[in-house]
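Listed here are the chains, written in short residue letters.
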Amino acid sequence: MPTKIDHRNLKSSSAREKLDIAKKPYWLSLSPGIALGYRRNVGIGTWSVRYSANGADWLKKLGLADDKEKANSSLGILDFEQAKEAALKLARTQPGLPEDTNRPVTVDEALQQYKVDLQARSASVSNATTLRGHVTPSLMAKPVMLLTERELWAWRNSLMGKMKPASVNRLLNAFRAALNLAADHDSRITNRKAWKKGIANLPDAEEARNVILDDQTVGRIVLASYERNDRLGLLMHTLAESGARPSQAARLQVTDLVTTDPKAPRLMMPRAGKGGSKKRIERKIQRYAVAITMDLAQRLKEAAKGRSGRDPLLLRSDGEPWGERPYQAYGDDMAEVIAGLGLDAEVTPYALRHSSIVRWLLNSGGSVRLVAEAHDTSVAMIERYYSRYIANFIPEEISRRAMLHLPVTGAAADNVVALR
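It should be emphasised that the depicted structure is a prediction, and the values quoted were computed from it without experimental measurement. (Residues numbered from 1 in each chain as written. Predicted model: local features only at pLDDT ≥ 70, side-chain atom pairs only at ≥ 80, totals over all residues. Heavy atoms only, no water.)

Enquirer: What am I meant to see in the overall build of the chain here?
Expert: In terms of regular secondary structure, the chain is built from 19 helices and eight strands. Within the chain, buried positions represent 43% of all 420 residues. The contacts in the chain between residues at least 6 apart in sequence include a share of 58% that link residues at least 24 apart. For the chain, the exposed surface amounts to about 23000 Å²; the carbon and sulfur share of it is 52%. (Helix = DSSP H or I, 4+ residues; strand = E, 2+ residues; numbered from the N terminus. Buried < 20%, exposed > 50% of the residue type's maximum accessible area, 1.4 Å probe, protein only. Contact = heavy atoms within 4.5 Å. Areas by Shrake-Rupley, 256 points an atom, 1.4 Å probe, with all protein chains shown as cover.)

Enquirer: What is the right way to look at the packing of helix H10 (residues 230–242) against helix H13 (residues 294–303) in this model?
Expert: Contact geometry of H10 with H13 gives a least axis separation of 11 Å together with a crossing angle of 145 degrees. In the packing of H10 onto H13, the handedness of the crossing is left-handed. Residue-level contacts link Leu 234, His 237, Thr 238 and Glu 241 of H10 to Asp 295, Leu 296, Arg 299, Leu 300 and Ala 303 of H13. Looking at the contact of H10 with H13 residue by residue, the classes come out as four nonpolar, two polar and three charged. (Axes fitted to C-alpha atoms, helices over the stretch in contact; angles between N-to-C directions. Left-handed = near helix turned anticlockwise from the far one by under 90°. Nonpolar A, V, L, I, M, F, W, Y, C, P; charged D, E, K, R; others polar.)

Enquirer: Would you take a moment to explain the environment of Ile 357 for this structure?
Expert: Looking at where Ile 357 falls in the secondary structure, it is placed in helix H15 (residues 350–363). In this structure, the C-alpha to C-alpha distance between Ile 357 and Tyr 386, residues 29 residues apart in sequence, is 8.2 Å. Ile 357 has contacts with Val 371, His 375, Ile 382 and Tyr 386, leaving out every residue within four places of it along the chain.

Enquirer: What am I meant to see in the packing of H10 against helix H14 (residues 327–340) here?
Expert: Describing two packed helices takes the angle between their axes plus the distance from one axis to the other. Interhelical geometry of H10 versus H14 gives an angle of 95 degrees and a closest axis separation of 12 Å. It follows from the interaxial angle that H10 and H14 lie roughly perpendicular. Contacts between H10 and H14 involve Leu 232, Leu 235 and Met 236 from the first element and Tyr 330, Asp 333 and Met 334 from the second. The class makeup of the residues in the contact of H10 with H14 is five nonpolar, no polar and one charged. (Parallel < 35°, antiparallel > 145°, perpendicular 65-115°, else oblique.)

Enquirer: Can you walk me through the packing of aromatic side chains in this structure?
Expert: The geometry of an aromatic ring pair is captured by two quantities: the separation of the ring centres and the angle between the planes. Here the structure, examined in full by the defined rule, presents four aromatic pairs. Aromatic side chains Trp 155 and Phe 175 sit 5.1 Å apart centroid to centroid with 80 degrees between the ring planes, which places their arrangement in the edge-to-face category. Taken together, the residues span a long stretch of sequence, with Trp 155 in helix H6 (residues 149–159) and Phe 175 in helix H7 (residues 165–184) at a distance of 20 residues. Each member of the pair Trp 155 and Phe 175 is classed as buried. A network of ring pairs unites the aromatic residues Tyr 38, Trp 47 and Phe 80 as a single cluster. (Phe/Tyr/Trp six-rings, centres within 6.5 Å; stacked < 30°, edge-to-face > 60°.)

Enquirer: When you look at the pattern of salt bridges in this model, what are you seeing that I'm missing?
Expert: Pairs can form between side chains of opposite charge whenever their charged atoms are close. Inspection of every chain in the model, using the stated rule, returns 17 salt bridges. Across the pair Arg 359 and Asp 215 runs a salt bridge whose closest N-O atoms are separated by 3.0 Å. Of this pair, Arg 359 sits in helix H15 while Asp 215 is found in helix H9 (residues 215–228), placing the two residues 144 residues apart along the sequence. One salt bridge in this structure joins Asp 318 and Arg 316, with 3.4 Å as the shortest N-O distance. (Salt bridge = Lys/Arg side-chain N within 4 Å of Asp/Glu carboxyl O.)

Enquirer: Just checking my understanding: could you explain helix H2 (residues 80–91) for this structure?
Expert: Helical geometry: 3.6 residues make up each α-helical turn, so side chains three or four residues apart lie on a common side. For H2, with 12 residues, the first-to-last C-alpha span of 16 Å sits near the 16 Å given by 1.5 Å per residue. Those residues of H2 not exposed but buried are Phe 80, Ala 83, Ala 87, Leu 90 and Ala 91. All buried residues of H2 project into a common sector of 100 degrees when viewed along the axis, lining one side. Capping the start of H2, Asp 79 holds a side-chain oxygen 3.2 Å from the backbone nitrogen of Glu 81, two or three residues further along. (Expected span 1.5 Å × (residues − 1). Arc of directions from axis to C-beta. Polar contact = N/O pair within 3.5 Å; in protein donor to acceptor, adjacent residues only side chain to side chain.)

In structure tokens form, the structure reads like this:
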């Protein structure tokens, strides 16, 4: 079959299934210079967009096709119409369109492009929207190719004192990513050194925000959440037992609750999209097993009654999903729960994850890799953020077994009395 096809070949999963498996995508022209690509794979196919006009030529992956699973844009699974819309939206906000060919992209436009790119990769757009509130109007209006190291350095320094150093660095990381994206799409932008040095991260700005709670306090938070409302309690209960991020638990589906062995229930937890931009969408579809108690399994089973396998497992009290940013839905409720328990305001539901990691470290026989796998993170991250807590909790008997005992020699040996 030719690689150029019409919309009828791509409109449905059944139509796409008739296409030959091939390394190169099938291309469908959407507009002059803009084409939607579908790559037919053995498993799930992928969507991509290609732009080629006026000397510009680039290709970007959009996401997965709804070949095996129902379309879900939050997971990066797109049907044909969603893929078309994403392709046109991304292409029309990139440098290289006829009306923009000779006009250099501004910082404002670079942030717009960065936001669209984050959406296309199913990443959090807050990295772009938060940054926009801190960039000055004069910087916004300036072409990226004219930015200087000195003015970027002055802007970076103006943030100090307004927020914590670690927060400044998070803004700087996002700003550099936005400017690098603009430079990737416009060969005329040759001043990367300006932002590489001008908005380099602040030194020694690591912020230890990991709040570790003992098991009793974790239990109090879960019980108080249930008293607030059952749906909130079920979410907090799931976070406490699984150690998952709230955004991961929010993506659990009914089919992810596995109770084939009633004495060993588990959740097939969706992975987070951490670890860089490559294959972010594929990672978010993957699952890993998390053991849970029979109590939690029974509560989840009751809550899932009457719903299909692809429905969200955890719902809010109004019956709606928790969404991509569940903290926006539970933030006020949990702040009152925490305050009602007399706990510090720094305690958030994320502390349930931190506490789970430390609990595992103390009971895993020293296997950091095992703890990392069970919490969908890396050994490097565990060692970076949790080692200092573990050092304070090493049982004394383990320390004493590991002590060095040198043989007694010389004058001191004369005072040693041998025991039978």
